[in-house]
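Descriptive structure summary
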Amino acid sequence: MSTISLPLSLRSSLSSKRSRFSVPEPHQPIKITCSSDGSKSKPWKELQSVACGLLAAWAVTSVSPVMAAGQRLPPLSTDPDRCEKAFVGNTIGQANGVYDKPIDLRFCDYTNDRSNLKGKTLSAALMSDAKFDGADMSEVVMSKAYAVGASFKGVDFSNAVLDRVNFGKANLQGTVFKNAVLSGSTFDEAELSDAVFEDTIIGYIDLQKLCRNTTINPDGRDVLGCR
């Protein structure tokens, strides 16, 4: 049993698709200005242009919607079949949280569902206050999902991609994260007693934050390498 620590969390991809998560404006907006000196040689100008481009790309990709504080969620969907959308998932197949229509699973009940959720792509899904207790969610992709206050007791997340998921105040008692990707995910005030973290893939900084959760039992802390 081991835990693989990655030095950097996964970065989100740029896309022209519109996400319906509202991202708060930072206190000080990032502004990058690149100027050119006509007296510089051509090789110097080319080097300056490349450096400026890299800096601009870093500024854009360093913002993660799921990590932003004070998120404002859209109104609850009025679609009578919205809970069944989880059985189809994100049909455009994007793992970076891009979609043409949000997957709103808030307050839905998938207790003991052993077949309909396995391997589905639920990127950026709204899952707060939903119930997934006992469900098979192995190999699911939940990148940038918002699962605050949801219940995942005894859920099988084996081989799942759960990067940048907000699990704040979620009930994850007995949840199996075997060989799951957890980089960038947050577990503030989440219940993690008896959770299984065998071969979990998680960034070093994220691991330090996870280890502060006092509900993780001694076996789980040993597997994660918490000190």
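Heads up: these notes are all about the structure in this document. A quick note: this is a predicted structure, and the numbers were derived from the prediction, not measured.

1. Section: the overall build of the protein chain
In terms of regular secondary structure, the protein chain is built from 3 helices and 2 strands. When the helices and strands of the protein chain are placed in sequence order, the string is β-α-β-α-α. Looking at the protein chain as a whole, 42% of its 227 residues qualify as buried. Counted over contacts in the protein chain with a minimum sequence separation of 6, partners at least 24 positions apart contribute 33%. Here the protein chain has roughly 12,500 Å² of accessible surface; of this, 52% comes from carbon and sulfur atoms.

2. Notes on the state of the cysteines
Across all of its chains, the model carries 2 disulfides by this definition. The disulfide that involves cysteine 83 links it to cysteine 108, with 1.9 Å between the sulfurs. Since a negative S-S torsion denotes a left-handed disulfide, the cysteine 83-cysteine 108 link at about -85° is left-handed. You can see cysteine 83 sitting in the loop between helix 1 (42-61) and strand 2 (201-203) and its partner cysteine 108 sitting in the loop between helix 1 and strand 2, a full 25 residues away along the chain. What pairs with cysteine 211 in a disulfide is cysteine 226, and their sulfur atoms sit 1.9 Å apart.

3. Some points on the pattern of salt bridges
Pairing between side chains of opposite charge can happen when the charged atoms of each approach one another. Applying the stated criterion to the full structure yields 4 salt bridges. Between lysine 85 and aspartate 79 there is a salt bridge, and its shortest N-O distance comes to 3.6 Å. Residue lysine 85 is classed as partly exposed on the basis of its relative accessible area of 37%. Looking at aspartate 79, the relative accessible area reads 21%, which means it is partly exposed. One network of salt bridges, in which partners are shared, links Arg82, Asp104 and Arg106.

Analysis parameters
Residues numbered from 1 in each chain as written. Predicted model: local features only at pLDDT ≥ 70, side-chain atom pairs only at ≥ 80, totals over all residues. Heavy atoms only, no water. Helix = DSSP H or I, 4+ residues; strand = E, 2+ residues; numbered from the N terminus. Buried < 20%, exposed > 50% of the residue type's maximum accessible area, 1.4 Å probe, protein only. Contact = heavy atoms within 4.5 Å. Areas by Shrake-Rupley, 256 points an atom, 1.4 Å probe, with all protein chains shown as cover. Disulfide = S-S within 2.5 Å. Salt bridge = Lys/Arg side-chain N within 4 Å of Asp/Glu carboxyl O.

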